[in-house]
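Fold and geometry: a report
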Amino acid sequence: MSILELEQAPIETASSRITRHAGILSGQLRSLGTALFPPAASKTLRSFTSGEVAKIARVSDGYLRQLSLDGLGPMPSTGHGGRRSYTLAQVNELRAYLAEARPREGLEFLPRRRDEEKLQIITVANFKGGSAKTTTALYLAQYLALAGFRVLAIDLDPQASLSAMFGYQPEFDIGLNETIYGAIRYDDQRRPMREVIRPTYFAGIGLVPGNLELMEFEHHTPRAMIERRERGHDLFFRRLASAIDQVNDEYDVVVIDCPPQLGYLTMGALNAATAMLVTIHPQMVDVASMSQFLLMTSDLMSVIEEAGGSLEHDFIRYVITRHDPNDVPEAQIVALLRNLFGSDVLQATVWKSTAIANAGLTKQSLYELDRGSVGRGAYDRALESVDAVNAEVVQLLKKVWGR
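Residues numbered from 1 in each chain as written. Predicted model: local features only at pLDDT ≥ 70, side-chain atom pairs only at ≥ 80, totals over all residues. Heavy atoms only, no water.

A tally of helices and strands in the chain yields 17 helices and ten strands. Burial status across the chain gives 49% buried among its 403 residues. Put simply, of all contacts in the chain between residues at least 6 apart along the chain, 76% involve residues at least 24 apart. Counting only carbon and sulfur atoms, one obtains 54% of the accessible surface of the chain, whose full area is about 19700 Å². (Helix = DSSP H or I, 4+ residues; strand = E, 2+ residues; numbered from the N terminus. Buried < 20%, exposed > 50% of the residue type's maximum accessible area, 1.4 Å probe, protein only. Contact = heavy atoms within 4.5 Å. Areas by Shrake-Rupley, 256 points an atom, 1.4 Å probe, with all protein chains shown as cover.)

Below, the discussion takes up helix H3 (residues 50-57). What H3 keeps buried is the set Ser50, Val53, Ala54 and Ala57. Looking straight down H3, one finds that the buried residues subtend no more than 105° of arc, so they occupy a single side. Buried residues along H3 sit in contact with strand E1 (48-49), helix H4 (61-69), strand E3 (84-86), helix H5 (88-101) and helix H6 (106-109). Where H3 ends, the next residue or the one after it, arginine 58, has phi of about 65°, a positive value. (Arc of directions from axis to C-beta.)

Right, let's get into the sheet that holds strand E8 (residues 253-257). Reading across from one edge, E6-E7-E5-E8-E4-E9-E10 is the order of the seven strands in this open sheet, with mixed pairing throughout. Each end of this open sheet is capped by a strand with a single partner; those strands are strand E6 (198-199) and strand E10 (315-320). Inspection of the sheet shows strand E5 (residues 151-155) paired to E8 by five bridges, in the parallel sense. Within E8, the position partnered with valine 151 by the bridge is valine 253. Packed on one face of the sheet, helix H7 (residues 133-146) meets strand E4 (120-125), E5, strand E7 (205-208), E8 and strand E9 (275-280) and runs near 165° to E8. (Pairing = 2+ DSSP bridges. Axes fitted to C-alpha atoms, helices over the stretch in contact; angles between N-to-C directions.)

It is worth spelling out the environment of glutamate 213 at this point. With respect to the secondary-structure elements, glutamate 213 resides in the loop between E7 and helix H11 (215-227). Residue classification places glutamate 213 among the buried residues on the basis of a relative accessible area of 11%. Note: C-alpha distance between glutamate 213 and threonine 179 (34 residues apart in sequence) is 7.3 Å. If we ignore the near neighbours within four places in the chain, the residues touching glutamate 213 are Gly175, Leu176, Asn177, Glu178, Thr179 and Tyr181. Of note is the side chain of glutamate 213, whose polar atom sits 2.4 Å from the backbone nitrogen of asparagine 177. (Polar contact = N/O pair within 3.5 Å; in protein donor to acceptor, adjacent residues only side chain to side chain.)

A cluster of acidic residues, Asp115, Glu116, Asp245 and Asp249, forms a negative patch on the protein surface. Residue position: aspartate 115 is located in the loop between H6 and E4. (Patch = residues over 30% accessible without salt bridge, like charges linked within 9 Å, V, L, I, M, F, W, Y side chains within 5 Å. Salt bridge = Lys/Arg side-chain N within 4 Å of Asp/Glu carboxyl O. Lys, Arg positive; Asp, Glu negative; His and termini not counted. Charge placed at Lys NZ, Arg CZ, Asp CG, Glu CD.)

The next point concerns helix H17 (residues 376-400). Since the α-helix turns once every 3.6 residues, residues separated by three or four places project in the same direction. Across its 25 residues, H17 extends 36 Å between first and last C-alpha, which sits within 8% of the 36 Å expected from 1.5 Å per residue. Note on H17: the residue one or two positions beyond its end, glycine 402, has a positive phi of about 80°. (Expected span 1.5 Å × (residues − 1).)

Okay, the packing of H4 against H5 next. Between H4 and H5, the least distance of the axes is 13 Å, while the angle of their chain directions is 90°. With respect to each other, H4 and H5 are oriented roughly perpendicular. Contacts from Tyr63, Leu64 and Leu67 of H4 reach H5 at Leu94, Tyr97 and Leu98. Partitioned by chemical class, the residues of the contact of H4 with H5 number six nonpolar, no polar and no charged. (Parallel < 35°, antiparallel > 145°, perpendicular 65-115°, else oblique. Nonpolar A, V, L, I, M, F, W, Y, C, P; charged D, E, K, R; others polar.)

The next thing to look at is the pairing of E8. A regular strand carries its side chains on alternate faces of the sheet. With five of five residues buried, E8 lies mostly within the body of the structure. Here E8 shows a buried face lined by Val253, Val255 and Asp257 and a second buried face lined by Val254 and Ile256. Bridging between E4 and E8 involves five bridges; their strand directions are parallel. Bridge pairing links valine 124 to aspartate 257 in E8.

Here we take up the sheet that holds strand E2 (residues 77-78). Strand order in this open sheet of three strands is E1-E3-E2, and the pairing throughout is antiparallel. Where the open sheet ends on each side, the last strands, each with one partner, are E1 and E2. With two bridges joining them, E1 and E3 adopt antiparallel strand pairing. What sits directly across from threonine 49, in E3, is serine 85.

Rendered as structure tokens:
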């Protein structure tokens, strides 16, 4: 290129360069998604072995084998060597069959909430990056579904990492008015909650996806507060709760992945929640950040209460994530947190694991992977720690329901 041509070439601004880079990266991610999940670029869930199903349903493998021989319950697929496997939908059918066949254990097999038990809405929050907030929300939602609960996952984060883990690329797969914003917006384009809920490949989980459109709520709320002065259920911090209430009877637990900032969406989540999980990475810089997060959250809660909101959470718990139990400084920080907050810190911790990280590279969780695909030892240790955390949360839910 000549000097004259160089002088005449348009100068790329910072904003146009970032826009160009975003387009390049989005296109590459879409290509990778298509390669990982051909031909329709959509995720599917693997089948579960009879041994895994026996553990999930809390019966013996021999009992499952006898059921299939007797033609009772869902019929598993049979592979090489007579190995039996079930889809998650079949696991849910099995739960329903067992609850009917063995009514005394019905709540164990089919733990869905009863009419007198209120919907549980669990908000997972922290504004410090790297605290595994989205991972915690994802694994909790999937664990609950595997346990037989009907789950609604709501992605409130404009970065939409939770949506991506469920197989959606926000900028391509989620259109206008297809996030929770569509159900809580202020104009006549507002939609019923059911219209923004998508089924997922993970039977038992519905998803309200997120993308950058969620920022519209942050932008429009101040104007609406000045111009329209909404009252009652139309107040900005009550809109999310009102939207969820439209589908109250269809789910047992709602899991909300909050954005990493304390804005209007987060205020709505705090008001809607019956419980809150705060994720903590046991490093001193993260604990210092959490101190600021708690102070700001306290201020926000005061604002909501002064405006007429009711923040009566059934439980608030701290979840230790990405924990290396062999790291002495981390162990000291965990001990400090337990000394300060006592039983408000979950006893189990999510271990730092290459198995979890490697699964995330392909937008999958450990529940979706075959045991041998990331190393059996690492897989078993990581899954045991995740299951222990989620089992504690389930026990808290059952306590709220009086079980």
